[in-house]
Amino acid sequence: MSKQWLTRTQYAVVMALLVSALLVSAKSHGDTVRFHAWGGSAQVNGYLQWVAEQLEEQGITLQHVKLADTSDAVSRVLAEKAGGNLSNGSVDLIWINGENFAAMKKHGLLQPNWVSSLPNFALTNPSINPAMVTDFGEPTQGMEAPWGKASMVFYYRENHLSNAKVAPPTTIAELLAFAEALPGRFTYPLPNDYLGISFLKYAAVALNPKHRDVFYKPVSQQALRTITPSLWAYLDKLHPLMWRQGEYMVRQASQLQRLVDAGELALSFSFTAAEIPSAVERFDLPPDIRTYAMQDGSLANVHFIGIVFNSPHKETAKQVVNFMLSPLAQSQKKKLAVWGDDTVLDIALLNVEQQALFTSNETHPSAIPPDSSSPLIAEPHSSWSDALRQVWFERYGARY
């Protein structure tokens, strides 16, 4: 029998799985890990309840502290540090990405250099997948672990568009033409909402194809002067054609679904593709909803989990994150009926049994077609969010 040697990657994966098994068998000492995460999605909340049930079998209590805005938790941690609370904080884990990560990194609010110690992190194959260690252009430096992937999708009322003989827009230019054909049937939230600023970033990048490189560097005044003229020209035309002539804009992304369900909007968008068919199943959206991706690009990102610097339960928090990165937890999260969040694991590194967990024939008429594809637009550097938000309010904010 010939001797076979493992490659370096295969060896790392085998060791990860062995250590993971040891971690799973270990019991914590009754620790309660407080996971501060957005609580505005029924399917996300349901998935985290399932995670809590799995962890309970390992002797770990996971408490999902539901947030309306992640910045609330960031402010709490910052206040604790300013007050001298350096080891007994009220936040253990936090679901973050982008500008919130940049703020926590700047102020030293996250535990550094812990992610590589997680056995299951090797399954993300970070050596050839830089998105696992980069957040909105910022190196994560082991301060946060990747948890899932998402991209912007649009959805529409099929009956409304068919009756009006209008096709769903597939580019930023077609979106303006759509608004001209069906005035008052589209809007976006104020940019202090995550979906509102996401729309501005998508529009800014899509309207400036010759200047895309500037979005992946820290923002500068020169860069803003380069990209904002086309953005303002576009929004000046779009706003009067929006819901309520753009004189009133929703403040939270969750309000968009209610307006679509009420028939006031015919087209909207989300950063969680699976929440659309899920909402249809809950009767929060009508059955004629259809989901798709823009063909000039879908803004996409990886979202992460961080351990707070003054958490008193850091070791148990690592066990929680390691479980969240397990093939079992990642495959459960990917199920359309559960959440539909795409996995951060490299499926090629999994064994046959683990790969089978990700095999699904789920379909739903309101879900984005499984064979659809569109270019992905990587999130701009985190500094762009604040900059675009500020100049937007300077130009349009007086009326809101």
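Residues numbered from 1 in each chain as written. Predicted model: local features only at pLDDT ≥ 70, side-chain atom pairs only at ≥ 80, totals over all residues. Heavy atoms only, no water.

Asks: Looking at this structure, how should I read the overall build of the protein chain?
Replies: Looking only at helices and strands, the protein chain has 14 helices and eleven strands in total. Its C-alpha atoms give the protein chain a radius of gyration of 22 Å, near enough to 21 Å, the size a compact globule of 400 residues would have. Overall, the protein chain is about 65 × 50 × 40 Å in size when its C-alpha atoms are taken along their principal axes. Across the 400 residues that make up the protein chain, the buried fraction comes to 52%. Expressed as a percentage of contacts within the protein chain between residues at least 6 apart in sequence, the contacts between residues at least 24 apart total 82%. Counting only carbon and sulfur atoms, one obtains 54% of the accessible surface of the protein chain, whose full area is about 18000 Å². Taking the average place of the 32 positive charges on the side chains of the protein chain and the average place of its 36 negative ones, the gap between the two points comes to 4 Å. (Helix = DSSP H or I, 4+ residues; strand = E, 2+ residues; numbered from the N terminus. Rg over C-alpha atoms; globule rule 2.2 N^0.38 Å. Buried < 20%, exposed > 50% of the residue type's maximum accessible area, 1.4 Å probe, protein only. Contact = heavy atoms within 4.5 Å. Areas by Shrake-Rupley, 256 points an atom, 1.4 Å probe, with all protein chains shown as cover. Lys, Arg positive; Asp, Glu negative; His and termini not counted. Charge placed at Lys NZ, Arg CZ, Asp CG, Glu CD.)

Asks: Any chance you could explain unusual backbone geometry here in plain terms?
Replies: Working note: non-glycine residues mostly have negative phi, and peptide bonds are mostly trans. Phi is positive for Arg244, close to 55 degrees, though the residue is something other than glycine. Along the chain, Arg244 falls in the loop between helix H8 (221–238) and helix H9 (254–261).

Asks: What exactly am I supposed to notice about the layout of surface pockets here?
Replies: Think of a ball as big as a water molecule: rolled over the atoms, this probe shows where empty space is left. Roughly 1300 Å³ of volume is contained in the largest pocket. Lining of the largest pocket is provided by 46 residues; of these, Lys149, Ala150, Ser151, Gly340 and Asp342 occupy positions nearest its centre. For the lining of the largest pocket, the secondary-structure elements that each account for two or more residues are strand E4 (134–135), strand E6 (144–151), strand E10 (298–307), helix H12 (327–334) and strand E11 (376–378). The dominant element in the lining of the largest pocket, judged by the number of residues it contributes, is E10, at five residues. Considered class by class, the residues forming the lining of the largest pocket number 22 nonpolar, 16 polar and eight charged. Estimated volume of the second largest pocket: approximately 920 Å³. In terms of lining residues, the second largest pocket is bounded by 34 residues, among which Trp38, Thr70, Asn97, Asn100 and Tyr194 are the most central. Counting residues per element, the ones that place at least two in the lining of the second largest pocket are helix H3 (70–82), strand E3 (93–96), helix H4 (99–106), helix H7 (194–206), E10 and helix H14 (383–396). Of all the elements, H7 adds the most residues to the lining of the second largest pocket, at four residues. In terms of residue class, the lining of the second largest pocket is built from twelve nonpolar, 14 polar and eight charged. (1 Å grid on protein atoms, 1.4 Å probe; cavity = no way out; pocket = protein on both sides within 12 Å on 5 of 7 lines; lining within 4 Å. Points joined across faces, edges and corners; volume = space filled by probe spheres on them. Nonpolar A, V, L, I, M, F, W, Y, C, P; charged D, E, K, R; others polar.)

Asks: In this structure, what is going on with the sheet that holds strand E8 (residues 267–270)? I would like to understand it.
Replies: For sheets, the rule is that strands pair by backbone hydrogen bonds, running either parallel or antiparallel. The sheet built from three strands is open, its strands ordered E8-E7-E9 with antiparallel pairing. If you trace the sheet from one side to the other, it starts and ends with E8 and strand E9 (289–292), each paired once. Direction aside, the axes of adjacent strands within the sheet are offset by 25 degrees on average. Of the pairings in the sheet, the one linking strand E7 (residues 153–157) to E8 comprises four bridges and is antiparallel in character. Within E8, the residue paired with Val153 across the bridge is Ser270. Those strands touched by H9 are E7, E8 and E9, and its axis lies near 25 degrees from that of E7. (Pairing = 2+ DSSP bridges. Axes fitted to C-alpha atoms, helices over the stretch in contact; angles between N-to-C directions.)

Read these as spatial facts, not as claims about activity.
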